Amino acid sequence: MKKKINIEVDISEKKYFVSKYNENTLAPELKDYLLNEIVGYDVNTKINILIDAKFDLTEDEKEHYKKLIIKEFRENNDEIQYEIEQSNLKKLTLSLIGVLFIIASYFFNHIMGDILEEILMIFGWVALWEVAYAIFFTDASRRRKIKRNNQIIHADIKYKDK
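Values in this document were obtained by computation on a predicted structure and should not be read as measured data.

## Observations regarding the overall build of the chain
Link 1 in the chain: Of the regular secondary structure elements, the chain holds three helices and three strands.
Link 2 in the chain: Reading the chain from its N terminus to its C terminus gives the helix and strand order β-α-β-α-α-β.
Link 3 in the chain: In terms of principal-axis extent, the alpha carbons of the chain reach across some 85 × 40 × 20 Å.
Link 4 in the chain: Evaluated residue by residue, the chain yields a buried proportion of 35% over its 162 residues.
Link 5 in the chain: In the chain, of all internal contacts separated by at least 6 residues, the share reaching a separation of at least 24 is 83%.
Link 6 in the chain: As displayed, the chain offers around 11,100 Å² of accessible surface, 57% of which is attributable to carbon and sulfur atoms.
Link 7 in the chain: Averaged over its 25 positive side-chain charges, the chain has a centre that lies 5 Å from the centre of its 27 negative ones.

This is the structure in structure tokens:
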């Protein structure tokens, strides 16, 4: 059986659930707290969120706050997905540019000499290395953020009984 992470959230007032600027947005401090509590655990570990509200909540309010938590982390995933799509376009463009520079260095060797060939070759390889760096490091970081967000999206969110 997989281990579960239990996150306890103590809320003293309703205003700590939501942003001070918008009632339909999760409080940034709560979002940061939830993400901070799962740091160091495996991204595949299930999460239980136990909310201890120090005030009375109706069933509708409880459901509304659950939906706010899920909505916030889904929106984060949507934003990261958009970044991934934009990054993929940039990587494709940079790969093509890199390959074109390397091919051009081969053809310009006979026309312009060794110096231009070397400059084009270096530019081509730098472009390709930039793509490799993005694939190995930036993309991995984004995938990890999506998995963290999904942990909270799929968490079992419950309220403590008074």
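So, next bit.
## What to know about the packing of helix H2 (residues 59-111) against helix H3 (residues 114-153)
Link 1 in the chain: At a closest axis distance of 8 Å, the pairing of H2 and H3 adopts a crossing angle of 165°. What the angle tells us is that H2 and H3 run roughly antiparallel. As for the relative orientation of H2 and H3, their crossing is left-handed in sense.
Link 2 in the chain: Taken together, the residues of the contact of H2 with H3 sort by class into 24 nonpolar, 11 polar and nine charged.

## Quick word on the pairing of strand S3 (residues 156-159)
Link 1 in the chain: Taking every second residue as pointing to the same face, the buried face of S3 carries Ile157 and Tyr159, while none of Asp156 and Lys158 on the other face is buried.
Link 2 in the chain: Across four bridges, strand S2 (residues 46-53) lies against S3 in parallel orientation. Within the sheet, the bridge partner assigned to Leu50 lies in S3 and is Lys158.

## Quick notes on H3
Link 1 in the chain: A rise of 1.5 Å per residue sets the reference length of H3, with its 40 residues, at 58 Å; its end C-alpha atoms lie 57 Å apart and thus fit the reference within 8%.
Link 2 in the chain: A maximum bend of about 35° is found in H3 at Ala134.

## Section: the packing of aromatic side chains
To describe a pair of aromatic rings, you give the distance between the ring centres and the angle between the ring planes.
Link 1 in the chain: The final tally for this structure, using the stated rule, is four aromatic pairs.
Link 2 in the chain: Taking the centre distance of 5.8 Å and the plane angle of 70° together, the rings of Phe101 and Phe123 count as edge-to-face. Placement of the pair is Phe101 in helix H2 and Phe123 in helix H3, with a sequence separation of 22 residues.
Link 3 in the chain: Residue class for Phe101 comes out partly exposed when judged on its relative accessible area of 28%.
Link 4 in the chain: Classification of Phe123 by relative accessible area gives partly exposed; the value is 47%.

Calculation notes
- Residues numbered from 1 in each chain as written.
- Predicted model: local features only at pLDDT ≥ 70, side-chain atom pairs only at ≥ 80, totals over all residues.
- Heavy atoms only, no water.
- Helix = DSSP H or I, 4+ residues; strand = E, 2+ residues; numbered from the N terminus.
- Buried < 20%, exposed > 50% of the residue type's maximum accessible area, 1.4 Å probe, protein only.
- Contact = heavy atoms within 4.5 Å.
- Areas by Shrake-Rupley, 256 points an atom, 1.4 Å probe, with all protein chains shown as cover.
- Lys, Arg positive; Asp, Glu negative; His and termini not counted.
- Charge placed at Lys NZ, Arg CZ, Asp CG, Glu CD.
- Axes fitted to C-alpha atoms, helices over the stretch in contact; angles between N-to-C directions.
- Parallel < 35°, antiparallel > 145°, perpendicular 65-115°, else oblique.
- Left-handed = near helix turned anticlockwise from the far one by under 90°.
- Nonpolar A, V, L, I, M, F, W, Y, C, P; charged D, E, K, R; others polar.
- Pairing = 2+ DSSP bridges.
- Expected span 1.5 Å × (residues − 1).
- Bend = angle between axes of the 7 residues up to and from the residue.
- Phe/Tyr/Trp six-rings, centres within 6.5 Å; stacked < 30°, edge-to-face > 60°.

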